[in-house]
Amino acid sequence: MNDEHLKPLFAAVLRLLRPLARILLRNGVSYGTFSDLAKWVYVDVAIKEFGIKGRKPSTSRASVITGLSRREVMRVRQLPRPDVTASTEKHNRAARVIAAWRRENDFLNADGKPALLPMEGQGATFSELVKRFSGNVPPRAILDELINVGAVERLEDGKICLLTRAYIPKGVDAHKLNILGTVAGHLISTIDHNLKPDPAVPLFQRKVRYDNLPEEALPTFRQRFTNKAQALLESADRWLAQHDRDVTPTVKGTGRHRAGFGIFFFEEPYSEEEN
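## A few points about the overall build of the protein chain
No. 1: Scanning the protein chain from N- to C-terminus turns up nine helices and two strands.
No. 2: Considering only C-alpha atoms, the protein chain reaches an extent of 65 × 50 × 40 Å along its principal axes.
No. 3: Counting the 275 residues in the protein chain, one finds 22% classified as buried.
No. 4: For the protein chain, the share of sequence-separated contacts (at least 6 apart) that also reach a separation of at least 24 residues comes to 49%.

Rendered as structure tokens:
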């Protein structure tokens, strides 16, 4: 770790690992397990993205660029990958239902706000909302999940009322941990793209930060810009929905791509060590 040109990278990695280590330790993940996961990703990326053009990916090539022995590479390649598909899909479906409820005219009231929806019947219903924007999933399953996280409530007359502007799972469960992987993964992928020697089209990546703020200023800052950020995200959601072929099947075009942007708030006591 004495390579002078790599010192800024090592410093950046330490900043990344500190909050990740907190999450891992809080959830009882040992260093040995983390090490196996890190090795698995190292080998997987080496095999899939760092091969030699015209040659088949090999254990020997992965061994050379990762620094692991061929025997260790072969062992790591046999490690099972955690199945996150179900958690990701459940989160995406619930999030799409809430976003459509706030966006689509069919499910808005005369004031342009999310309408109270009956479970079944003619016209705008919760079942129809789920059918149109969450695929082949029982409406009751989506309703139970949204009630569980406090996103909706069922009124005495049986109608369903939307309470929140976004789907946020409760507690530290599989769905919240899935958010850790997707959000942090997207951010680091964007930074990786922009760090390339000459990216053809740099991706938008900005932040604002001050480090000598009084505690009393934080609640006002948090509330004021949370509202502004939510409005911006909802505007982006409406635009993207018009161009996504799952939501708008009439959209034409080639290829299949994923795009979006994220906004997050951070606050913490100032630390010279973590500056």
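Still more to cover.
## Details of the packing of aromatic side chains
No. 1: One pass over the structure, following the stated rule, counts six aromatic pairs.
No. 2: Ring geometry for Phe 107 against Phe 133: centres 6.3 Å apart, planes inclined by 80°, an arrangement best described as edge-to-face. One end of the pair, Phe 107, is in the loop between helix H5 (85-103) and helix H6 (126-133); the other, Phe 133, is in helix H6, with 26 residues separating them in the sequence.
No. 3: The buried category is assigned to Phe 107, whose relative accessible area is 0%.
No. 4: A connected cluster of aromatic rings, assembled from ring pairs, spans Phe 221, Phe 225 and Phe 265.

## Topic: the nonpolar core
No. 1: Membership of the largest hydrophobic core comes to 23 residues, with the highest contact counts inside it found for Trp 101, Phe 126, Leu 129, Leu 146 and Val 152.
No. 2: The greatest single-element share of this core, amounting to five residues, is contributed by H5.
No. 3: Trp 40, Val 43, Ile 47 and Val 73 belong to the second largest nonpolar core, which has eight residues in total.

## Side note on helix H9 (residues 217-243)
No. 1: Taking 1.5 Å per residue, 27 residues should reach 39 Å; H9 reaches 39 Å between its end C-alpha atoms and fits that length.
No. 2: When we look at burial in H9, the residues that qualify are Leu 218, Ala 229, Gln 230, Glu 234, Ala 236 and Ala 241.

## Some words on the side chain of Thr 125
No. 1: With respect to the secondary-structure elements, Thr 125 resides in the loop between H5 and H6.
No. 2: Not counting the four nearest positions on each side in its chain, Thr 125 is found in contact with Phe 107, Leu 117, Pro 118, Met 119 and Glu 120.

## Here we look at the side chain of Ser 127
No. 1: Assignment of secondary structure puts Ser 127 in helix H6.
No. 2: Apart from residues no more than four positions distant in its own chain, Ser 127 is found in contact with Met 119, Glu 120 and Pro 139.

## Observations regarding the pattern of salt bridges
No. 1: Taken as a whole and judged by the stated rule, the model has 11 salt bridges.
No. 2: For the salt bridge of Asp 44 with Lys 48, the shortest nitrogen-to-oxygen distance reads 3.3 Å. Pair noted here: Asp 44 and Lys 48 are both in helix H2 (residues 31-49), with a separation of four residues, about one helical turn.
No. 3: A salt bridge links Arg 140 to Asp 144, with the nearest nitrogen and oxygen atoms 3.0 Å apart. Of this pair, Arg 140 and Asp 144 both sit in helix H7 (residues 139-148), separated by four residues, roughly a single helical turn.
No. 4: Asp 144 gets classed as partly exposed once you look at its relative accessible area, which sits at 38%.
No. 5: Beyond isolated ion pairs, a larger network of salt bridges with shared partners links Asp 36, Lys 39, Glu 72 and Arg 75.

## Considerations on a nonpolar patch on the surface
No. 1: Together, Leu 16, Leu 187, Ile 188, Ile 191, Leu 195, Phe 264 and Phe 266 make up a nonpolar patch on the protein surface, roughly 670 Å² of accessible area in all.
No. 2: Ranked by residue count, the leading element in the nonpolar patch is helix H8 (residues 174-195), at four residues.
No. 3: Among the structural elements, Phe 264 can be located in the segment after H9.

Definitions and cut-offs
- Residues numbered from 1 in each chain as written.
- Predicted model: local features only at pLDDT ≥ 70, side-chain atom pairs only at ≥ 80, totals over all residues.
- Heavy atoms only, no water.
- Helix = DSSP H or I, 4+ residues; strand = E, 2+ residues; numbered from the N terminus.
- Buried < 20%, exposed > 50% of the residue type's maximum accessible area, 1.4 Å probe, protein only.
- Contact = heavy atoms within 4.5 Å.
- Phe/Tyr/Trp six-rings, centres within 6.5 Å; stacked < 30°, edge-to-face > 60°.
- Core = buried A, V, L, I, M, F, W, Y, C linked by side-chain atoms within 4.5 Å.
- Expected span 1.5 Å × (residues − 1).
- Salt bridge = Lys/Arg side-chain N within 4 Å of Asp/Glu carboxyl O.
- Patch = residues over 30% accessible without salt bridge, like charges linked within 9 Å, V, L, I, M, F, W, Y side chains within 5 Å.
- Areas by Shrake-Rupley, 256 points an atom, 1.4 Å probe, with all protein chains shown as cover.

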